[in-house]
Structure formats: structure tokens, C-alpha cells
Amino acid sequence: MKSGRYIGVMSGTSLDGIDVVLAAIDENMVAQQASYCHPIPPDIRRDILAICQGQALTLSQLGQLDTRLGKLFADAVLTLMKQQGLSAEEITAIGCHGQTVWHEPESEAPNTLQIGDNNQLVAATGVTVVGDFRRRDMALGGQGAPLVPAFHQALLMHPVERRMVLNIGGIANLSLLIPGMPVRGYDTGPGNMLMDAWIWRQRALPYDKDGEWAREGTVILPLLQQMLTDPWFARPAPKSTGREYFNLGWIEQQLSHFPGVAPQDVQATLAELTATTIAEQVLLSGGCERLMVCGGGSRNPLVMARLAAQLAGTEVCSTDEAGLCGDDMEGLAFAWLAYRTLSGLAGNLPAVTGAREESVLGAIFPANYPPRGH
Ligand SMILES: Nc1ncnc2c1ncn2[C@@H]1O[C@H](COP(=O)(O)OP(=O)(O)OP(=O)(O)O)[C@@H](O)[C@H]1O
Ligand SMILES: CC(=O)N[C@H]1[C@@H]2OC[C@@H](O2)[C@@H](O)[C@@H]1O[C@H](C)C(=O)O
């Protein structure tokens, strides 16, 4: 096994920053040691959003963005290494998720694209990088997402308590940790993404802090009901989604039948949509005793309160209460997935993604050849 110090790098769908997490990992333990969130410059954020929303880009623009993101991931990692006084020799590997710019698991030729050149990262840091985690699973007929349920299982499975782990990022995803059953998991739909898109459009704010603006509004029930009839919500698992489906265009299309509604009422309705689609899936999946929430949405008290209200009898808490910082969860997961890959262990769960079989995931970009320790 390739035990050692790992760094996980996660740039999620919210584009709120690059999360970098340092952890000591071995067969029995993932010990978080430090973390850092690196800002994303506005021009890079704008270009990523443009691709995600289907705007045509030249190959030159795409190539340049790939390089700039690779360098940005390297800056993020080097900042954390400097803060911690670590040299390249002290780190076994970096697990880098990359930036998802397109995810189309149901098309004729299923594809998912995470950019940010890993060669830039290895060249700048001198540390072996593992990247491109999703496409092997897709090549095996899977969705390529979500991948974190295996990590949630490793860290948070309880012998008797029925638990679910919920990540509320741009998209929300649920892991079902039910004793005696194979772990399952899938995306439930929008997490913060629609709320973020709407407040950005209306008030030029990146997100609705503590759900304060949504609280000024009232849920428009007919609009909520119409949103809930979107066929994506009724689709059975395995399923995953992204910005190419749930975006500002989706909101505008929903609003076309509701002219003149107050913007704060739309914000309230979007917050309720997030809570309702999650709660429905928790209940449809048989319910649980404890729902452990991570991701930025766990800090939105309105969404948390609406979840608790719709899930009476379930203890809704944040993973922070279990000693696992919710902001670092995905970064930790990709550090752990890099450890799995270098140890020759599978990273995907076919029961989650729908892949034909388990597989070692990712591509290795070695700092040295032969890799250190061989
Ligand atoms: N205090 C807060 N109040 C309301 N929302 C918050 C608060 N803090 C964070 N958020 C939300 O969390 C989002 C960031 O979440 P997170 O970092 O988990 O996303 P991500 O990792 O990019 O997403 P994904 O898991 O989909 O890849 C912000 O864009 C914002 O919407
Ligand atoms: C294609 C892609 O990047 N999907 C992300 C996204 O963000 C949340 C949700 O949608 C989840 O499916 C996935 O990320 C987590 C880390 C996962 O793979 O488990």
C-alpha cells in the first residue's frame, strides 16, 4: 500500500475556490492535517462558466484555459506546501479532480471532461499527480459520478445506524450508508447552483449568504410544483448531472409561465426546490436515522431548516459534528482516491455509478521514473 501524505485538489461546480487538503492516509485512516482555499481569478471563472453553458470556444481558447487552470492548481498546492513547510519529497502524491466543464453521461457517446493540465501541476510541484478519475468508470458503462460514496463509506459507515451523507455543492449528491446493504449514491439535482445563478443575475452577489434574501420572499407553490415535474427528478439511479442541465437557462424557462413574479420569491422557491428534491430522495430511498451534510450548502441555515422540517424523525446534522470538516470532504476524497490508485485498489462502486465492474481509476503523472519508493 502507498501510505503517506497526500494532497487532494477539488475545484467544484460552484467555482467558489479551489479546495486543497493535506492528509495522512493509510489502510485504516485518513487524517486531515491542513487545508486551504485558493481564489479563482474572475477571468478564468468567466471562461469556465462560458464553456459549461455551451458557449462555443475555439480550440486555442480551450487549450489556453487548460494550461491556465493547471498552473492555478499548481499555485494552490504550492501555497499549501509553503504554509505547511513541506517539500515535494514529503508528499506521496496529489489527487487532482480537475474542473468539470462538461458532463454528459446519457448521450450516444457518454463523456465527461475535467480540465486543468496535470502536467503543469507535476512540473511545478515535483510531486506525482493522479488525475482524470471519472472516465474509466464511464468507459465501463458508468456515470463517472458520484465518486465520493466509496469515501463516505470508508469514513462514515456505522455498524447499526442507518446513515446518509449529503453533499450540497453546486449539485447535491447523496450516499446511502445502510448497514447490511451495498452502498448506493446518486446526484439529487441542484444544490446551490440555481440559487447562486439567480442571486448573481438579480443582485450581482455570488451567493445568498445564510439564505437571507430567500427569507425575504415567499415560496411560489405552483412554480415549485412545475419545477418538480422536470423529468430529470423522476429518473431512477444511477444518475448524475451538472451545470449543462441545471443553469440560469433552466430557471428562465421555468419562469416563462410565471411573468412578473418577485425575484426574492423565486429565490425562496429555488431554496425550497433544493430542500424538497433532496428530502424526497432520502424518503424514497427508505429514510435514515442520521443525515450528515457537507459542502457549502450545509452553511445555509434556511436549506438546513427546510430539510429538517421535511425529514421529521431524522437527525439532520453537519459532518463537522462528526469531526469531518464539510468544506474539505471532497478534497479529502480525491486525496484518498489517489491513494487507492497508487495502491492498485478500485475507486468506483458499480452499485453507485452503474459501471460493469470495479476499477482502479485515473491516470498517473509520475514526478520521477521509476516512481519514488519502487
Ligand atoms: N453561509 C452560506 N450561506 C448560504 N450558502 C452558502 C454559505 N456558505 C457557502 N454557501 C454555498 O456553498 C457554495 C459552495 O459550495 P461548495 O464549495 O461545496 O461547492 P462545490 O464544491 O463547488 O460544488 P460541487 O460539490 O457541486 O462540486 C457557495 O457557492 C454557496 O452557494
Ligand atoms: C461530473 C462532476 O464533476 N460531478 C460532481 C458534481 O459535484 C457534485 C456532484 O456533481 C457529483 O456528482 C460530482 O462530484 C463529487 C465530488 C463526486 O463525484 O462524488
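In the nomenclature of an unreviewed UniProt entry, the protein chain corresponds to Anhydro-N-acetylmuramic acid kinase from the organism Paramixta manurensis. Of the comments in the UniProt record for the protein chain, the one headed Function (unreviewed entry) reads "Catalyzes the specific phosphorylation of 1,6-anhydro-N-acetylmuramic acid (anhMurNAc) with the simultaneous cleavage of the 1,6-anhydro ring, generating MurNAc-6-P. Is required for the utilization of anhMurNAc either imported from the medium or derived from its own cell wall murein, and thus plays a role in cell wall recycling." Check the Catalytic activity (unreviewed entry) section of the UniProt entry for the protein chain; it says "1,6-anhydro-N-acetyl-beta-muramate + ATP + H2O = N-acetyl-D-muramate 6-phosphate + ADP + H(+)".

Student: Lay out the overall build of the protein chain in plain terms, naming residues and giving numbers.
Tutor: Scanning the protein chain from N- to C-terminus turns up 14 helices and 12 strands. In terms of overall size, the protein chain behaves like a compact globule, its C-alpha atoms giving a radius of gyration of 20 Å where 374 residues would be expected to give roughly 21 Å. Considered along the principal axes of its C-alpha atoms, the protein chain spans approximately 65 × 50 × 40 Å. Put simply, 69% of the contacts in the protein chain that link residues at least 6 apart link residues at least 24 apart. Carbon and sulfur atoms make up 52% of the accessible area of the protein chain, which amounts to about 15,600 Å² in all. Distance between charge centres in the protein chain, computed from 26 positive and 38 negative side chains, equals 2 Å.

Student: Can you tell me about the UniProt feature "binding site: ATP" (unreviewed entry) in the protein chain, naming the residues and giving the values?
Tutor: The feature "binding site: ATP" (unreviewed entry), as annotated in UniProt, sits at Gly12, Thr13, Ser14, Leu15, Asp16, Gly17, Ile18 and Asp19 in this numbering. Along the polypeptide, Gly12 turns up in the loop between strand 1 (4-11) and strand 2 (18-26). Turning to its location among the elements, Asp19 is positioned in strand 2. Not counting residues up to four positions away in its chain, the partners in contact with Asp19 are Gly8, Val9, Met10, Tyr36, Cys37 and Asp327.

Student: How would you sum up the pattern of salt bridges? Please name residues and give values.
Tutor: Considering all chains together, one arrives at 11 salt bridges under this definition. Across the pair Arg135 and Asp132 runs a salt bridge, and its minimum N-O distance is 3.0 Å. Exposure remark for Arg135: the relative accessible area of 42% places this residue in the partly exposed category. Given the relative accessible area of 26%, Asp132 is considered partly exposed. For the salt bridge of Arg306 with Glu272, the shortest nitrogen-to-oxygen distance reads 2.8 Å. Note that Arg306 is positioned in helix 12 (residues 301-310) and Glu272 in helix 11 (residues 263-284), a separation of 34 residues in sequence. What you see here is one network of salt bridges that share partners, running through Asp43, Arg46, Asp47 and Arg68.

Student: Quick rundown of the site of ligand 2? Include the residues and the values.
Tutor: Looking at ligand 2, there are 16 residues lining it, with Thr100, Arg134, Leu147, Val148 and Asp187 nearest. Leu147 places a main-chain nitrogen or oxygen 2.8 Å from an oxygen atom of ligand 2. At a separation of 2.8 Å, an oxygen atom of ligand 2 approaches a polar side-chain atom of Asp187. Here ligand 2, which alone exposes 440 Å², has 98% of that area covered by the protein. No other element matches the 3 residues that strand 4 (residues 93-104) contributes to the shell around ligand 2. Taken together, the residues of the shell around ligand 2 sort by class into 6 nonpolar, 7 polar and 3 charged.

Student: Pulling in residues and values, what's your account of the site of ligand 1?
Tutor: Near ligand 1, the surroundings consist of 23 residues, among which Thr13, Ser14, Asp196, Asp210 and Gly296 are the closest. Within the backbone of Ser14, an N or O atom sits 2.8 Å from an oxygen atom of ligand 1. Ile171 places a main-chain nitrogen or oxygen 3.2 Å from an oxygen atom of ligand 1. Of the residues that constitute the shell around ligand 1, the class distribution is 5 nonpolar, 11 polar and 7 charged. When residues of the shell around ligand 1 are assigned to domains, at least three fall in each of domain 1 (4-144 + 328-365) and domain 2 (162-288).

Student: Lay out the side chain of Asp328 in plain terms, naming residues and giving numbers.
Tutor: For Asp328, the location among the structural elements is in the loop between strand 11 (315-318) and helix 13 (329-342). As a buried residue without a salt bridge, Asp328 has its nearest oppositely charged side chain in Arg299, at a separation of 8.5 Å.

Student: Report on the nonpolar core, specifying residues and quantitative values.
Tutor: Core analysis: the largest hydrophobic core is formed by 44 residues, its most contacted members being Leu166, Ile251, Leu291 and Leu307. No other element matches helix 11, which puts 8 residues into this core. Those residues in contact with Leu166 that sit more than four places away from it in its chain are Ala172, Asn173, Leu174, Ile278, Leu291, Met292, Val293, Cys294 and Leu307. With 35 residues, the next largest nonpolar core counts Ile7, Ile51, Ala76 and Leu80 among its residues.

Student: Tell me about helix 2 (residues 59-84), and name the residues and values.
Tutor: Helix length check: helix 2 (26 residues) gives 38 Å between terminal C-alpha atoms against 38 Å at 1.5 Å per residue, within 8%. Along helix 2, the positions that sit buried rather than exposed are Leu65, Leu69, Gly70, Leu72, Phe73, Ala74, Ala76, Val77, Leu80 and Met81. Two residues or fewer past helix 2, Gly85 is found with a positive phi of approximately 65°.

Student: Describe in detail the sheet that holds strand 8 (residues 171-177), supporting the description with residues and values.
Tutor: Sheet architecture is open: 5 strands sit in the order 9-8-7-10-11, paired in mixed fashion. The sheet is open, and its two borders are formed by strand 9 (184-190) and strand 11, each paired with just one other strand. Ignoring which end each strand starts from, the neighbouring axes of this sheet average 20° apart. With 6 bridges connecting them, strand 7 (residues 163-168) and strand 8 associate as antiparallel partners. Counted as the bridge partner of Ile168 is Ala172 from strand 8.

Reading the values: rules and limits
- Residues numbered from 1 in each chain as written.
- Chains lettered and ligands numbered in written order.
- Predicted model: local features only at pLDDT ≥ 70, side-chain atom pairs only at ≥ 80, totals over all residues.
- Heavy atoms only, no water.
- UniProt positions renumbered as here; feature names shortened; annotations may be inferred.
- Helix = DSSP H or I, 4+ residues; strand = E, 2+ residues; numbered from the N terminus.
- Rg over C-alpha atoms; globule rule 2.2 N^0.38 Å.
- Contact = heavy atoms within 4.5 Å.
- Areas by Shrake-Rupley, 256 points an atom, 1.4 Å probe, with all protein chains shown as cover.
- Lys, Arg positive; Asp, Glu negative; His and termini not counted.
- Charge placed at Lys NZ, Arg CZ, Asp CG, Glu CD.
- Salt bridge = Lys/Arg side-chain N within 4 Å of Asp/Glu carboxyl O.
- Buried < 20%, exposed > 50% of the residue type's maximum accessible area, 1.4 Å probe, protein only.
- Near = heavy atom within 4 Å.
- Polar contact = N/O pair within 3.5 Å; in protein donor to acceptor, adjacent residues only side chain to side chain.
- Nonpolar A, V, L, I, M, F, W, Y, C, P; charged D, E, K, R; others polar.
- Domains from an automatic or database assignment.
- Core = buried A, V, L, I, M, F, W, Y, C linked by side-chain atoms within 4.5 Å.
- Expected span 1.5 Å × (residues − 1).
- Pairing = 2+ DSSP bridges.
- Axes fitted to C-alpha atoms, helices over the stretch in contact; angles between N-to-C directions.

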